[in-house]
Amino acid sequence: MGFNATCTPGQDAGAAMIRVTPEVPALAIYLDPVNIAIQLPPFPGGSDVLMRFCRELSREASKLADHLGSQEGRHALAEGDPDVRS
């Protein structure tokens, strides 16, 4: 199933590994108030696909967190970054 969505995390946003059933793990993203669950693809090798995706997501989320934690990331919006549209 494909779709595109843009969401922003609320004050109580979070994420967790959950179990849909004892045998089916999933990644839950709680954006406050939007919730998304990313489940195992229903085809052979689906667990490998989800594993690679989760590792890539982890890497890229760490890059974003590092950027936001840096001087450049924290102040880009406040200082009028030319890429920011009003």
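Residues numbered from 1 in each chain as written. Predicted model: local features only at pLDDT ≥ 70, side-chain atom pairs only at ≥ 80, totals over all residues. Heavy atoms only, no water.

Colleague: Can you walk me through the overall build of the chain in this structure?
Modeller: Counting its secondary structure elements, the chain contains two helices and three strands. The burial tally for the chain puts 10% of its 86 residues in the buried class. Contacts in the chain between residues at least 24 apart in sequence constitute 5% of all its contacts with a sequence separation of at least 6. When the accessible surface of the chain is totalled, it reaches about 7200 Å², and 56% of it is carbon and sulfur. (Helix = DSSP H or I, 4+ residues; strand = E, 2+ residues; numbered from the N terminus. Buried < 20%, exposed > 50% of the residue type's maximum accessible area, 1.4 Å probe, protein only. Contact = heavy atoms within 4.5 Å. Areas by Shrake-Rupley, 256 points an atom, 1.4 Å probe, with all protein chains shown as cover.)

Colleague: Help me understand the environment of I18, please; the structure alone is not making it clear to me.
Modeller: Along the polypeptide, I18 turns up in strand β1 (residues 14-21). Spatially, the C-alpha atoms of I18 and I38 are 9.9 Å apart, while their sequence positions differ by 20 residues. Those residues in contact with I18 that sit more than four places away from it in its chain are V24, P25, A26, A28 and Y30.

Colleague: How should the sheet that holds strand β2 (residues 24-30) be read in this particular structure?
Modeller: Adjacent strands of a sheet form backbone hydrogen bonds with each other and so pair up, either parallel or antiparallel. Taken together, three strands build an open sheet; the order of strands is β1-β2-β3 and the sheet is antiparallel. In this open sheet, the two edge strands, each paired with only one partner strand, are β1 and β3 (35-39). Put simply, the sheet's adjacent strands are angled 30° from each other on average, direction ignored. One ladder, built from seven bridges, connects β1 with β2; its direction is antiparallel. Paired with A16 across the two strands is A28, which belongs to β2. (Pairing = 2+ DSSP bridges. Axes fitted to C-alpha atoms, helices over the stretch in contact; angles between N-to-C directions.)

Colleague: I would appreciate a short explanation of the pattern of salt bridges in the present structure.
Modeller: Side chains that differ in sign of charge can pair as their charged atoms come close. One pass over the full model with this rule turns up one salt bridge. Of the charged contacts in the structure, one is a salt bridge between K63 and E60, with a shortest N-O distance of 3.0 Å. A residue pair is termed a helical-turn pair when its members lie 3 or 4 positions apart in one helix, as K63 and E60 do in helix α1 (residues 46-69) at three residues. (Salt bridge = Lys/Arg side-chain N within 4 Å of Asp/Glu carboxyl O.)

Colleague: How do you make sense of the pairing of β3 when you look at a structure like this?
Modeller: Walk down a regular strand and you will see the side chains alternate between the two sheet faces. Here β2 pairs with β3 via five bridges, running antiparallel. Looking at the pairing, L27 lines up with I38 of β3. Hairpin connection between β2 and β3: a loop of four residues separates the two successive antiparallel strands, and D32 in this loop has a positive phi of roughly 60°.

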